[in-house]
Amino acid sequence: QVQLVESGGGSVQARGSLRLSCAASGRTFSSYAMGWFRQAPGQEREFVAAISRSGGSTYYGNFVKGRFTICRDNAKNTVYLQMNSLKPEDTAVYYCAASTAPAVTMSGSRMSYWGKGTLVTVSS
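Criteria and thresholds
- Residues numbered from 1 in each chain as written.
- Predicted model: local features only at pLDDT ≥ 70, side-chain atom pairs only at ≥ 80, totals over all residues.
- Heavy atoms only, no water.
- Helix = DSSP H or I, 4+ residues; strand = E, 2+ residues; numbered from the N terminus.
- Contact = heavy atoms within 4.5 Å.
- Phe/Tyr/Trp six-rings, centres within 6.5 Å; stacked < 30°, edge-to-face > 60°.
- Buried < 20%, exposed > 50% of the residue type's maximum accessible area, 1.4 Å probe, protein only.
- Lys NZ or Arg CZ within 6 Å of the ring centre and 35° of its normal.
- Disulfide = S-S within 2.5 Å.

Caption draft 1: Region of interest: the environment of S7. Mapping S7 onto the fold places it in strand β1 (residues 4-7). Distance from S7 to F37, taken between C-alpha atoms, is 14 Å for residues 30 residues apart in sequence. Excluding anything up to four places from it in sequence, S7 contacts R19, L20, S21 and T118.

Caption draft 2: Spotlight on the packing of aromatic side chains. All chains considered together, the criterion is met by 5 aromatic pairs. An angle of 70° between the planes, with centres 5.7 Å apart, marks the rings of F37 and F47 as edge-to-face. Of this pair, F37 sits in strand β4 (residues 33-39) while F47 is found in strand β5 (residues 46-51), placing the two residues 10 residues apart along the sequence. The residues F37 and F47 share a single accessibility class, namely buried. Here a set of aromatic residues connected by ring pairs shows up, and it is made of F37, F47, Y95 and W114. Sitting over the face of the ring of F63, R38 holds its NZ or CZ atom 3.7 Å from the ring centroid.

Caption draft 3: Region of the structure containing the state of the cysteines. Taken as a whole and judged by the stated rule, the model has 1 disulfide. Two residues, C22 and C96, share a disulfide whose sulfurs are 2.1 Å apart. Every disulfide takes its handedness from the sign of the S-S torsion; for C22 and C96 that torsion is -75°, giving left-handed. Pair noted here: C22 is in strand β3 (residues 18-24) and C96 is in strand β9 (residues 92-99), with a separation of 74 residues, a long-range link. Each member of the pair, C22 together with C96, is buried. Lacking any disulfide linkage, C71 is separated from the closest cysteine sulfur, that of C22, by 12 Å.

Caption draft 4: Broad picture of unusual backbone geometry. For K65, which is not glycine, the phi torsion reads 50° and is therefore positive. One can find K65 in the loop between β6 (58-60) and β7 (68-73). Given the relative accessible area of 70%, K65 is considered exposed.

See below:
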């Protein structure tokens, strides 16, 4: 069992930056592959980024196009999402998720644990 708590959301103007954090409880954080997903009002949940247990492999949604970076600090039980060059279409609730699957997954249905989300609002 792991609990995830996101932070770092807020309001920013277009072309600005935010860094989201996701703090995990428990002693086995390094055994989970981690991911970030987002959901805008009236839209389906969308994959943003994922990172392997060691942090050596990362994956991104097609829309990211080099603007976001996912990383993790296993000593601090925390995964981060650095978001640069934000656009109004990035406005959404961003969720952190943990997977017990052996390989990194970009599928929300394969995530075992979810945080409650943090709202990111980007104004033009």
